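Chain and residue survey
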Amino acid sequence: MLGLMMDSPLLISSIMKHAERLYGDSEIVSITHDHALHRYNYRQAFARCRQLANAMAELGIQQGDVIGTLAWNDFRHFELYYASSCSGAVCHTINPRLFAEQLEYIINHAEDQWLFSDPMFVPLLEKLLPSIPNIKGFVILSDEAHMPETSLPNVYCYETLLAKQSDKFDWPELDERTASVICYTSGTTGNPKGVVYNHRSTILHAYALIMPDALCLSQRDSLLSVVPMFHVNAWGTPYAAPITGAKLVLPGPHMANGESLTNLMNSEKVTISAGVPTIWQALLQYLRDSGRTLDTVKRLIVGGAACPLSIMEEFEEHHNVYVHAAWGMTEMSPLGSVNTMKEDPASLPVEVFSKQRLKAGRAVFGVEMKIVDDDNRELPWDGEAFGSLKVRGPWVCSEYLKHDKPALDNNGWFDTGDIATITHDGYMQITDRSKDVIKSGGEWISSIDLENAAIGHPKVAQAAVIGVPDPKWTERPLLLVVRQAGEELSKEEILGWLEGKVASWWIPEDAVFVDELPMTATGKVSKKDLRQQFKEYSY
Ligand code: AMP
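Residues numbered from 1 in each chain as written. Predicted model: local features only at pLDDT ≥ 70, side-chain atom pairs only at ≥ 80, totals over all residues. Heavy atoms only, no water.

1. A look at the overall build of the protein chain
- The number of helices and strands found in the protein chain is 15 helices and 25 strands.
- Over its C-alpha trace the protein chain gives a radius of gyration of 23 Å, about what one expects of a compact globule, namely 24 Å for 539 residues.
- Taken along its principal axes, the extent of the C-alpha atoms in the protein chain is 70 × 65 × 50 Å.
- Per-residue burial over the protein chain gives 58% buried out of 539 residues.
- Partitioning the intrachain contacts of the protein chain with sequence separation of at least 6 by distance along the chain shows that 66% fall at a separation of at least 24.
- Carbon and sulfur atoms make up 51% of the accessible area of the protein chain, which totals about 23100 Å².
- The average position of the 47 basic charges and that of the 69 acidic charges among the side chains of the protein chain differ by 2 Å. (Helix = DSSP H or I, 4+ residues; strand = E, 2+ residues; numbered from the N terminus. Rg over C-alpha atoms; globule rule 2.2 N^0.38 Å. Buried < 20%, exposed > 50% of the residue type's maximum accessible area, 1.4 Å probe, protein only. Contact = heavy atoms within 4.5 Å. Areas by Shrake-Rupley, 256 points an atom, 1.4 Å probe, with all protein chains shown as cover. Lys, Arg positive; Asp, Glu negative; His and termini not counted. Charge placed at Lys NZ, Arg CZ, Asp CG, Glu CD.)

2. Considerations on the packing of helix α1 (residues 13-22) against helix α2 (residues 42-59)
- Where α1 contacts α2, the two axes come as close as 8 Å, and the packing angle between them is 140 degrees. Between α1 and α2, the crossing angle belongs to the class labelled oblique. Handedness of the α1/α2 crossing: left-handed. On α2, the residues that touch Met-16, Ala-19 and Glu-20 of α1 are Tyr-42, Arg-43, Phe-46, Ala-47, Cys-49 and Arg-50.
- Tallied by class, the residues present in the contact of α1 with α2 amount to six nonpolar, no polar and three charged. (Axes fitted to C-alpha atoms, helices over the stretch in contact; angles between N-to-C directions. Parallel < 35°, antiparallel > 145°, perpendicular 65-115°, else oblique. Left-handed = near helix turned anticlockwise from the far one by under 90°. Nonpolar A, V, L, I, M, F, W, Y, C, P; charged D, E, K, R; others polar.)

3. Brief notes about the pattern of salt bridges
- Here the structure, examined in full by the defined rule, presents 27 salt bridges.
- Put simply, Glu-493 and Lys-459 hold a salt bridge, and the shortest N to O gap is 3.4 Å. Of this pair, Glu-493 sits in helix α14 (residues 491-498) while Lys-459 is found in the loop between α13 (447-455) and β23 (460-470), placing the two residues 34 residues apart along the sequence.
- The class of Glu-493 is partly exposed, set by a relative accessible area of 34%.
- The partner of Asp-510 in a salt bridge is Lys-491, with the nearest N and O atoms 3.2 Å apart. One end of the pair, Asp-510, is in strand β25 (residues 510-513); the other, Lys-491, is in helix α14, with 19 residues separating them in the sequence.
- We classify Asp-510 as buried; its relative accessible area is 10%.
- Judged by its relative accessible area of 34%, Lys-491 falls in the partly exposed class. (Salt bridge = Lys/Arg side-chain N within 4 Å of Asp/Glu carboxyl O.)

4. Notes on the sheet that holds strand β19 (residues 414-422)
- Read from one edge of the open sheet, four strands run β17-β18-β19-β20, paired in antiparallel fashion. The outermost strands of the open sheet, each flanked by one partner alone, are β17 (368-372) and β20 (428-433). Averaged over neighbouring strand pairs, the angle between their axes works out to 50 degrees when direction is ignored.
- Where β17 and strand β18 (residues 387-392) come together, five bridges link them in antiparallel fashion. Residue pairing in the sheet places Lys-370 in a bridge with Lys-390 of β18. (Pairing = 2+ DSSP bridges.)

5. Digging into the packing of aromatic side chains
- For the coordinates displayed, the defined rule picks out 16 aromatic pairs.
- Between Phe-534 and Tyr-537, the ring centres sit 6.3 Å apart and the planes meet at 65 degrees, which makes this aromatic pair edge-to-face.
- Its relative accessible area of 12% is what places Phe-534 among the buried residues.
- Of the residues examined, Tyr-537 reaches a relative accessible area of 19% and is grouped as buried.
- What links up through ring pairs into an aromatic cluster is the set Tyr-42, Phe-46, Phe-78, Tyr-81, Tyr-82 and Tyr-239.
- Sitting above the plane of the Phe-513 ring, Arg-483 keeps its charged end 3.9 Å from the centroid.
- Looking at Lys-501, its charged tip hangs above the ring of Trp-497, at a distance of 3.7 Å from the centre. (Phe/Tyr/Trp six-rings, centres within 6.5 Å; stacked < 30°, edge-to-face > 60°. Lys NZ or Arg CZ within 6 Å of the ring centre and 35° of its normal.)

6. As for the domain arrangement of the protein chain
- Each assigned domain of the protein chain is listed here: domain 1 (13-206), domain 2 (256-434) and domain 3 (438-533).
- Spacing between the C-alpha centres of domain 1 and domain 3 amounts to 40 Å.
- Each partner contributes to the interface: domain 1 provides six residues, whereas domain 3 provides four residues.
- Across the interface of domain 1 and domain 3, roughly 410 Å² is buried in total on both sides, 59% from carbon and sulfur atoms.
- The interface formed by domain 1 and domain 3 contains two residue pairs in polar contact (both at pLDDT 80 or more).
- Among the residues making up the side of domain 1 that touches domain 3, the classes are represented as one nonpolar, four polar and one charged. (Domains from an automatic or database assignment. Buried area = accessible area lost by both parts, 1.4 Å probe. Polar contact = N/O pair within 3.5 Å; in protein donor to acceptor, adjacent residues only side chain to side chain.)

7. A word on the site of the ligand
- Taken together, 13 residues lie around the ligand, and Ala-326, Thr-330, Asp-418, Arg-433 and Lys-524 are the ones closest in.
- Here His-231 contributes a side-chain N or O atom positioned 3.2 Å from an oxygen atom of the ligand.
- In the environment of the ligand, an oxygen atom lies 2.6 Å from a nitrogen or oxygen atom belonging to the side chain of Asp-418.
- Counting residues per element, the shell around the ligand draws most heavily on strand β14 (residues 322-328), which supplies three residues.
- For the shell around the ligand, the per-class residue count stands at six nonpolar, four polar and three charged. (Near = heavy atom within 4 Å.)

Spelled out as structure tokens, the structure:
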């Protein structure tokens with residue numbers, strides 16, 4: 001027997017309708033190249049989305065067409081998200097930090113037809129032009145006064161296009177499985193792979209994101225999204241904020257600028273923000289140097305990489321901001337788990353609390369997890385066994401765009417490529433990417449645990465651990481350290497600091513001081529480049 005409830009499709013256009021009716025006055029505030037601070041509300045934003053949908057139709061963009069965006073987090077990128085997906089087109093958010101060959105590959109592979117770009121990426125597009133022959137034209141995200149000079153053909157000004165359009169547009173009733181956004185993985189090996197989200201997965205993911213033990217977002221919040229809108233939909237925040245009526249604050253090109261972030265946080269009364277650890281490190285550095293404080297922020301969600309304990313503690317002790325770790329990936333829209341503890345932190349002994357909060361947390365409802373060994377046998381949730389982390393759920397990728405290999409195993413599980421432990425009560429901890437795992441004497445050493453311990457040293461700005469070949473143990477860990485500016489730190493001091501903080505046989509063979517660590521296009525330390533850099537190294 002089937003149930004007798006309405007079969008309403010889960011569509012992104014329903015977010016617009018809901019927010020416009022109930023939270024029309026809630027604001028979206030953003031920095032752009034042509035506005036020091038642009039401010040409008042959801043009512044105005046969604047009226048402009050309808051104008052944009054009309055403009056897209058006039059350009060000949062139809063249902064199923066893919067448009068590419070090269071843009072920072074701001075109101076125009078927000079409008080593009082909604083107008084494209086809700087009119088049945090697909091928004092391909094392009095990471096401008098990718099190499100030219102990767103950009104060329106993904107624009108052609110996704111079959112982008114139009115590119116909507118911030119003015120600062122115009123020189124990049126001019127260089128790419130000969131290798132992206134299928135692009136029909138370019139729309140520059142600007143007003144007429146700030147349009148750049150360009151040799152690109154068929155170029156339009158976004159504001160001029162919109163100005164002449166009606167703000168009436170009937171959003172089509174799409175199949176909820178219609179593609180909404182494409183985001184490519186950063187692709188450290190081989191070509192990037194396209195992940196294609198749909199309306200249904202986006203809505204279900206947004207529901208999970210706003211739950212109390214995840215973002216716990218409400219209409220009383222002001223949310224600063226420091227995760228790029230070109231990478232995994234800024235973690236779904238542009239959907240979560242209007243669902244709840246929260247104010248949305250978008251930092252434009254100034255993502256890692258501590259001063260700009262502090263100004264925005266304090267002037268826009270930001271209560272919650274989300275970003276990767278390197279962003280929070282930059283913010284803390286600015287706050288330390290300037291002596292400023294954060295006045296209204298209550299919580300930060302940190303994901304994308306393991307967050308060092310020292311960052312969590314400094315935010316709490318100096319700014320009264322609680323930091324939660326979260327885990328996810330492009331293929332998971334991205335949310336998998338958030339570390340919101342059951343216990344009141346004050347009721348736990350400090351060492352227990354510190355250890356517990358470093359974990360990536362418990363799976364949000366909708367994501368199933370398991371860890372398996374090399375023979376795909378499930379491992380126990382005992383907090384000890386390390387295994388490959390597999391997931392499944394309605395916002396997990398089932399296959400990559402036009403890819404020949406299946407993304408799932410025979411039982412429908414997606415292998416995340418992460419190695420993790422899970423405690424009996426479900427707290428998952430990432431110990432490594434499987435590609436970065438260090439196997440020493442047949443046992444695994446967690447580079448993430450070692451890095452966390454090293455970063456806890458007050459004279460360490462950044463740390464990374466890679467495996468280097470060893471004739472006796474196969475591999476041994478090598479610690480690479482960037483010192484805090486102006487600090488003296490010796491090898492003996494940093495290796496000595498690790499004693500007692502990790503198992504004695506994990507202590508790296510050597511520590512090497514470097515000026516900087518190579519980063520990937522998504523702001524993570526590139527272990528692949530480090531291994532290449534240190535391939536001749538011997539201790
Ligand atoms: P991406 O698809 O570029 O967003 O990267 C996803 C990967 O980032 C995951 O598979 C993990 O390796 C890593 N990652 C994300 N969150 C965390 C976390 N909280 N702790 C450790 N690694 C993380």
